[in-house]
Amino acid sequence: MKYLDLAMNAAESLGAEYADIRIQKTTDQVIYLRNLSLKSAKTIVVDGYGIRVFKDGAWGFAHSNIYSDEALLATVQKAFDIAKLSATVNKDKKLRLAPERSYIASYKTPIQIDPFEIPLSEKVDMMMEVNRTMLAFEGIRQAMFYLIQHKDEKLFASTLGTRLDINYQFIDPMITATAVADGDSQSRTFDEGGRAVGWEWIQSLDLIEKAKQIAEEALIKVKADTLGPEKRRSLILDPNHLGLTMHESVGHPTELDRVLGWEADFAGLSFATPEKLKNYRYGSEIVNFVGDNTLAEGLATLGFDDDGVPGQKWHIIKDGILNEYGSTRDTAMEIGLNYSRGCNRATYYYDQPINRIPNLYLLPGTKSLTPAELIADTEDGVYIQGRGSFSIDQHRVNFQFGGDFFWEIKNGKLIRPLKKVLYKSCNPEFWNSCDAICDERFWRPFGVVNCGKGQPSQTARMTHGSAPARFRNIRVGGSQ
Amino acid sequence: MKTDMIRRFISENCSADDYLFRISETDSHETRFAQNGITQHLAGPKVSIDLTVTFGKKSGTASVNQADEASLKQLIATAEDIARLAPEDPEYMPSTPGAELPEVHNCADSTMNLKPEEMVAIVQKSIDKAKALGATVSGMCEKHISSSFEIAKNGFWGEDKRSTFGHSMTLKLGEVETKVSYEAKDFAPFKLDHEFDRLASQAEALADMHSFDPQKIAVILRPAALQELLWYMFWMMNRRQSDEGFTPFTDQLGKSFFGEKFSLFSTLKNPQIISPSFTSEGLPTAEYSWVENGVLKNMPTDRYWASKQSADPISPYNMYIPGGDATEEEMMKMVPRGLIINRFWYIRPVDMKRGELTGMTRDGVLYFEDGKIKHAVNNLRFNEIPHEMTRRILALGAEELASPYGIVPTTLIDDFNFVDKTSF
């Protein structure tokens, strides 16, 4: 596309030390059904370009939705002027960019059936049927189905000579049944958090069966007991629960921009500071976290990040020890790394990319272990599925999590369903209490499509994953 | 933007029985700084043209961000295609007719005229002041100028223009972290020296940190903290959700459900806060009383649910909580001991039916005893039910601007429920 060269030539002639342009068209189709009423059937197109200029140790970023030579050149000039303005402040605090080579490449999310090619009526018919299935259960007062289909068509060029053509897609179905009984109201949700796949995933899910299951479980949950006073117990956490726990307690603390204090005013800092690298016991010896932006079906698998750095795979926690961060070209140099791990991503064309969590997952246990064997080996605990309430402090130390469905474990058996269970823990206690992880047969991904961070706020996506894992001696109890 | 052209094009080319469209544009300049340097700096306009069309009771919506004729044709075609394929919506409501809108003023010249160079100078001065203290500062200096038009086939026509300016600073001095922020539609009253003095004073008060265990204890919630908590409660006050049994407000309308010292309004009368003249459903705004002296008077209700319940469709557009005349010093003397909370962080629902929330304190917690501040304490986690909390209000201070959308008072509350603590 001519605009790529035009922008890069203009930036270089102005004197930019580095510049890039990201032309990005984002298309979302969002369908939301509640109690057989179609509350939203919407297609949203956001199309434009963002230009970054690096000059004298500072960034300038400008964006536009107008495709013309004149508008493009004005946007380059604006980005350059802003960078120069920033540089007047950064005289003693110049940013530096980690070295990177150039790439000419393309990436396309491998999908079999494009969700945007499926007629809306077919989607809505299926969603209606799922809604009807849930509402057929007496006591279910609310049935919801929320379906997001997303694609990004990106062209990227930089003054390094990189030229990228990226076509990325994901899909995210979420179904909720809410029961009301005995003065209480409880919901149960089917939510795997989205995957970078096509409609074939929806076809494989058997959502009617899922709808029956969650409606039944919502009715069980609304009449379930509460756990009573908080005490130390074992927890067995399912992958579709543990995904959010690792996101908050491992993913965010190991974002290098947060470690450096770049999020101090908003999203917060991190306890996992650089002097702890290679020596800090973050978890028990069986805890291994891998950052992997090459993960098949991963929401952060795009071939390259918005610095033009290729997707990589690396240990963030190795044998329980803090090993490395997720980094970008500008954050890496601040701790003496001369390479980026490729974690710089923007949401829309008008967003300046920032350091985001990569696809991040807990490696499965290396010994044969099934969830049934794990439960049978647990005397007093709670088994948690799905995500619920979540909150963590701004240094990512203290946290409290709920869940979506709970079973009490006594003497190796699931003895009764529960509701309103909360657990409280902190870093590094929590991950050091992990004493068993099921084997790779039970590893499951869990996607996050709404990770909010940054000022101005952006929403990023990434995939987590684990096998069911056990945590000993955690404070677990009922809500207030 | 070519608003008239867009309006004419959609009106002339949309064949649907009914339509509602919104054209919005925001021009922003945002300078983000951290650890005494600028880390992000961005500028540009964001545009959105949203169109909802209806055939019979079948609706579809599309949105584009470009205003050329080809994009607008695509916008209409997409929305109409979706509507034709959609099922009939049993809850469909036709677009609204024209209405007289209240006169509002949400745009300040001082904010409109603020230049990027002036914003960078504010950032530079913030950093210089932090360096002089041997500290680092991180924050955001931003301005946004927005305009939007909402137009319906049945006659509704609304125009909104607003400005916001924000400057936040988080100071790190040794182990102390604390924050102040100014957010308003008007840049003119902003005084960096005053804001930084407040920040330095907070940092000084927090220097002597002691460990403190979670417990039920009296708290003085400063305006930013109270507002953060109550927006979540406001969100749970939805009339339909309550009528259907999902929230604590079920069957409480008209009853004394809050503390009698607590009232909550949305108001067009206070010039400090942003007050739109119409809602996203195409209705004029008015003065709304949500809670008056503890009585639940109204709940946010959309047009469909209002028609079923023979109620007025109303929605919150800002938060006004009338204050009292107690000073922080007087509040500290009203209880034997307590904590002063600057802000909360990461508030999330724990139990929708009970209205229970969790969250952490942030940016400084002070312990007081016998009417005097003794020292700072570590951050704490709370699990608390805000509407129940209002029954434990002991005193209200003067109301203050907490954000462009909220004026709330410093408030003394008894037995606030802290359940855990963190390491800093």
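Residues numbered from 1 in each chain as written. Chains lettered and ligands numbered in written order. Predicted model: local features only at pLDDT ≥ 70, side-chain atom pairs only at ≥ 80, totals over all residues. Heavy atoms only, no water.

## A look at the overall build of chain B
Phase 1: For chain B, the count of helices and strands is 10 helices and 18 strands.
Phase 2: Computed over its C-alpha atoms, the radius of gyration of chain B comes to 24 Å, within 12% of the 22 Å expected for a compact globule of 424 residues.
Phase 3: Its C-alpha atoms give chain B principal-axis dimensions of about 70 × 55 × 35 Å.
Phase 4: Within the span of chain B, comprising 424 residues, buried residues form 59% of the whole.
Phase 5: Considering only residue pairs separated by 6 or more positions, chain B has 72% of its internal contacts joining residues 24 or more positions apart. (Helix = DSSP H or I, 4+ residues; strand = E, 2+ residues; numbered from the N terminus. Rg over C-alpha atoms; globule rule 2.2 N^0.38 Å. Buried < 20%, exposed > 50% of the residue type's maximum accessible area, 1.4 Å probe, protein only. Contact = heavy atoms within 4.5 Å.)

## With respect to the overall build of chain A
Phase 1: Each helix and strand in chain A was counted, giving 10 helices and 25 strands.
Phase 2: For a compact globule of 480 residues, the expected C-alpha radius of gyration is about 23 Å, and chain A comes in at 24 Å, within 12% of that figure.
Phase 3: Once the C-alpha set of chain A is aligned to its principal axes, its extents read approximately 70 × 55 × 40 Å.
Phase 4: Sequence-distant contacts, at least 24 apart, represent 75% of the contacts inside chain A between residues at least 6 apart.
Phase 5: Summing over all exposed atoms, chain A offers an accessible surface of approximately 15900 Å²; the carbon and sulfur share of this is 50%.
Phase 6: In chain A, 57 positive and 62 negative side-chain charges are present, and the distance between their average locations comes to 3 Å. (Areas by Shrake-Rupley, 256 points an atom, 1.4 Å probe, with all protein chains shown as cover. Lys, Arg positive; Asp, Glu negative; His and termini not counted. Charge placed at Lys NZ, Arg CZ, Asp CG, Glu CD.)

## Considerations on the environment of Val 123 of chain B
Phase 1: Position of Val 123 of chain B relative to the elements: it lies in helix α4 (residues 116–132).
Phase 2: Between the C-alpha atoms of Val 123 of chain B and Leu 192 of chain B, which are 69 residues apart in sequence, the distance is 9.6 Å.
Phase 3: Not counting the four nearest positions on each side in its chain, Val 123 of chain B is found in contact with Val 89 of chain A together with Thr 31, Phe 33, Ile 38 and Cys 141 of chain B.

## Quick notes on the state of the cysteines
Phase 1: Inspection of the entire model under this criterion finds 0 disulfides over all chains.
Phase 2: Lacking any disulfide linkage, Cys 451 of chain A is separated from the closest cysteine sulfur, that of Cys 343 of chain A, by 12 Å.
Phase 3: Between Cys 141 of chain B, a free cysteine, and Cys 107 of chain B, which holds the nearest cysteine sulfur, the sulfur-to-sulfur gap is 17 Å.
Phase 4: In this structure Cys 141 of chain B comes out as buried when scored by relative accessible area, which is 0%. (Disulfide = S-S within 2.5 Å.)

## Considerations on the packing of aromatic side chains
Phase 1: Scanning the entire structure with this criterion turns up 47 aromatic pairs over all chains.
Phase 2: Note on Tyr 361 of chain A and Trp 443 of chain A: the rings are 5.4 Å apart at their centroids and 85 degrees apart in plane angle, and the pair reads as edge-to-face. Here Tyr 361 of chain A is found in strand β15 (residues 360–362), whereas its partner Trp 443 of chain A is found in the loop between β22 (434–437) and β23 (444–453), with 82 residues between them in sequence.
Phase 3: Given a relative accessible area of 6%, Tyr 361 of chain A falls into the buried group.
Phase 4: Summarising the aromatic geometry, the rings of Tyr 304 of chain B and Trp 305 of chain B are spaced 6.4 Å apart at their centres and angled 50 degrees between planes, so their arrangement reads as tilted. Considered together, Tyr 304 of chain B and Trp 305 of chain B belong to a single accessibility category, that of buried residues. (Phe/Tyr/Trp six-rings, centres within 6.5 Å; stacked < 30°, edge-to-face > 60°.)

## Side note on the pattern of salt bridges
Phase 1: Under the defined criterion, the tally for this structure stands at 56 salt bridges over all chains.
Phase 2: The shortest N-O distance in the salt bridge between Arg 32 of chain B and Glu 263 of chain A comes to 2.8 Å. Taken together, the positions of Arg 32 of chain B in strand β1 (residues 18–34) and Glu 263 of chain A in the loop between α7 (256–259) and β10 (289–292) put the pair across two chains. There is no split in this pair, since Arg 32 of chain B and Glu 263 of chain A are both buried.
Phase 3: Because the salt bridges share partners, they merge into one network encompassing Arg 34 and Lys 39 of chain A together with Glu 91, Arg 240 and Glu 244 of chain B. (Salt bridge = Lys/Arg side-chain N within 4 Å of Asp/Glu carboxyl O.)

## Let's talk about the interface of chain A and chain B
Phase 1: Contact residues are listed per partner, giving 76 residues for chain A and 81 residues for chain B.
Phase 2: Interface area, chain A with chain B, both sides summed: about 6500 Å², of which 49% is carbon and sulfur.
Phase 3: The closest approach of N and O atoms between Asp 92 of chain A and Lys 131 of chain B, which form a salt bridge, is 3.4 Å.
Phase 4: At the boundary of chain A with chain B, the tally comes to 44 residue pairs in polar contact (both at pLDDT 80 or more).
Phase 5: For the side of chain A that touches chain B, the element with the highest residue contribution is strand β2 (residues 37–55) of chain A, accounting for 10 residues. (Buried area = accessible area lost by both parts, 1.4 Å probe. Polar contact = N/O pair within 3.5 Å; in protein donor to acceptor, adjacent residues only side chain to side chain.)

## Quick word on the layout of surface pockets
Phase 1: One number sums up the size of the second largest pocket: a volume of about 1600 Å³.
Phase 2: Taken together, 50 residues line the second largest pocket, and the ones lying closest to its centre are Phe 266 and Gln 455 of chain A together with Glu 228, Tyr 232 and Trp 345 of chain B.
Phase 3: Take the lining of the second largest pocket: its biggest share by element is 6 residues, from strand β13 (residues 337–351) of chain B.
Phase 4: Its residues assigned to classes, the lining of the second largest pocket shows 20 nonpolar, 15 polar and 15 charged.
Phase 5: Residues from two domains meet in the lining of the second largest pocket; each of domain 1 (3–186) and domain 2 (208–424) of chain B gives at least three. (1 Å grid on protein atoms, 1.4 Å probe; cavity = no way out; pocket = protein on both sides within 12 Å on 5 of 7 lines; lining within 4 Å. Points joined across faces, edges and corners; volume = space filled by probe spheres on them. Nonpolar A, V, L, I, M, F, W, Y, C, P; charged D, E, K, R; others polar. Domains from an automatic or database assignment.)

## Things to note about the sheet that holds β23 of chain A
All names here are of chain A.
Phase 1: Taken together, 6 strands build an open sheet; the order of strands is β12-β11-β10-β15-β24-β23 and the sheet is mixed. With partners counted over all chains shown, the strands left at the sheet margins are β12 (321–322) and β23, one partner each.
Phase 2: When strand β11 (residues 313–318) meets β12, the two strands line up antiparallel, connected through 2 bridges. Residue pairing across strands places Ile 317 opposite Leu 322, the latter belonging to β12.
Phase 3: Along the sheet, helix α6 (residues 239–251) contacts β10, β11, β15, β23 and β24 (458–466); its crossing angle with β24, the most-contacted strand, is approximately 120 degrees. (Pairing = 2+ DSSP bridges. Axes fitted to C-alpha atoms, helices over the stretch in contact; angles between N-to-C directions.)

## Quick look at the domain arrangement of chain B
Residue and element names in this part refer to chain B.
Phase 1: For chain B, the assigned domains read domain 1 (3–186) and domain 2 (208–424).
Phase 2: One C-alpha centre belongs to domain 1, the other to domain 2, and the line joining them spans 26 Å.
Phase 3: Counting residues at the interface gives 30 residues for domain 1, matched by 28 residues for domain 2.
Phase 4: Area buried by domain 1 at its contact with domain 2 is led by Glu 91, Met 93 and Lys 185, which between them contribute 22% of it.

## So, the confidence of the model for chain B
Phase 1: Taken over all residues, the pLDDT of chain B has a mean of 96, while the share at 70 or more is 100%.
Phase 2: Here the predicted complex carries an ipTM of 0.95, next to a pTM of 0.96. (pLDDT = per-residue confidence, 0-100.)

## Quick word on helix α1 (residues 3–13) of chain B
Residue and element names in this part refer to chain B.
Phase 1: Among all positions in α1, only Thr 3, Ile 6, Phe 9 and Ile 10 are buried. Seen from one end, α1 has its buried residues packed into an arc of 135 degrees, which puts them on one side.
Phase 2: In the core, the buried residues of α1 are packed alongside β1, β2 (37–55), α2 (69–85) and β4 (136–152). (Arc of directions from axis to C-beta.)

## Side note on the pairing of strand β5 (residues 140–158) of chain A
Residue and element names in this part refer to chain A.
Phase 1: With 14 of its 19 residues buried, β5 lies for the most part within the structure.
Phase 2: Here 15 bridges tie strand β1 (residues 18–34) to β5, and the two strands are oriented antiparallel to one another. Bridge assignment links Gln 24 to a residue of β5, and that residue is Lys 154.
Phase 3: For β5 and strand β6 (residues 163–181), the ladder comprises 17 bridges, and the chain directions are antiparallel. Residue pairing across strands places Lys 154 opposite Ile 166, the latter belonging to β6.
Phase 4: With antiparallel pairing between neighbouring strands as the criterion, β5 and β6 make up a hairpin whose turn holds 4 residues, including Gly 161 at a positive phi of roughly 100 degrees.

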